[in-house]
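# Results of the structural survey
Take a look at the letters that make up each chain.
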Amino acid sequence: MAEPAEYSPVPPSPRPLDAIDRDILQLLQADGRASIRAVAERVHVSRANAYARINRLIEDGVIRGFGARVNHERAGQGTSAYITLKIVQNSWRTVHEQLRRLPGAAHIALVGGDFDVLLLVHTPDNRALRELVLTRLQAIPEVLSTRTLLVFEEEDVEPEG
């Protein structure tokens, strides 16, 4: 028996962003802790206008949240790797949910090309990475094959401000 389709209403079309919205986004990407007052001053609008714009960007799903940029090595996650996966056709939803639960999973993308999924993971060391790949990933029935690309050095690209 087929599983029932998940109900997902079509989201409304996003409102276009103007130059001030884009400036606010750039500012918040550089400093997510910036105060409304500082944002307003930097983009030359009133505090009420800045507050309303930021709330609209959140409500529209443009801003998905605020968080810290972490140095994974200093946080005890010194081994990083991109793992490519080939998966059974039409199994993305099932595989995606299992990948989200993996310890250290940082980014998951369904892609086109020679493989189907690109997964970024951060683990304490190579032993933990080996365990993740050989025991956890390869135990997922829909995963046909994996390839692990060890990251030697990484850097988050900071928005120009």
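Residues numbered from 1 in each chain as written. Predicted model: local features only at pLDDT ≥ 70, side-chain atom pairs only at ≥ 80, totals over all residues. Heavy atoms only, no water.

## Re helix H5 (residues 126–136)
- Listed as buried for H5 are Leu129, Leu132 and Val133. Here the buried residues of H5 occupy an arc of 85 degrees about the axis, which is enough to place them on one side. Turned more than 90 degrees off the buried face of H5, the exposed positions are Arg127 and Arg130.
- Against the buried residues of H5 lie strand S1 (79–87), strand S3 (117–123) and strand S4 (143–151).
- You can read the cap of H5 off the contacts: a side-chain oxygen lies 3.2 Å from the backbone nitrogen of Arg127, and it is on Asp125. (Buried < 20%, exposed > 50% of the residue type's maximum accessible area, 1.4 Å probe, protein only. Helix = DSSP H or I, 4+ residues; strand = E, 2+ residues; numbered from the N terminus. Arc of directions from axis to C-beta. Contact = heavy atoms within 4.5 Å. Polar contact = N/O pair within 3.5 Å; in protein donor to acceptor, adjacent residues only side chain to side chain.)

## What to know about the packing of helix H1 (residues 19–30) against helix H2 (residues 36–43)
- The geometry of H1 relative to H2 is characterised by a closest axis approach of 10 Å and an angle of 130 degrees between their N-to-C directions. The angle between the axes of H1 and H2 places the two elements in the oblique class. With respect to the hand of their crossing, H1 and H2 are arranged in right-handed fashion. Within the contact between the two elements, H1 uses Ile20, Asp23, Ile24, Leu27 and Leu28 and H2 uses Val39, Arg42 and Val43.
- A class-by-class count of the residues in the contact of H1 with H2 yields six nonpolar, no polar and two charged. (Axes fitted to C-alpha atoms, helices over the stretch in contact; angles between N-to-C directions. Parallel < 35°, antiparallel > 145°, perpendicular 65-115°, else oblique. Left-handed = near helix turned anticlockwise from the far one by under 90°. Nonpolar A, V, L, I, M, F, W, Y, C, P; charged D, E, K, R; others polar.)

## Description of the nonpolar core
- By size, the foremost hydrophobic cluster in this structure holds 16 residues, and its most contacted members are Ile83, Leu85, Leu99, Leu119, Val121 and Leu137.
- Going through the elements one at a time, S1, helix H4 (92–100), S3 and H5 are the ones with two or more residues in this core.
- It is S1 that provides the largest number of residues to this core, a total of four residues.
- Discounting chain neighbours no more than four positions away, the residues touching Leu85 are Leu99, Phe115, Asp116, Val117, Leu119, Leu137, Val143, Ser145 and Thr146.
- Counting 13 residues, the second largest nonpolar core, distinct from the first, contains Ile24, Ala34, Val45 and Ile54. (Core = buried A, V, L, I, M, F, W, Y, C linked by side-chain atoms within 4.5 Å.)

## Digging into the confidence of the model for the protein chain
- Residues with a pLDDT of 70 or more make up 91% of the protein chain, whose mean pLDDT is 90.
- Long-range and interchain partners of residues 1–5, a stretch whose pLDDT sits below 50, account for zero contacts in this model, where long-range means more than four residues apart. (pLDDT = per-residue confidence, 0-100.)

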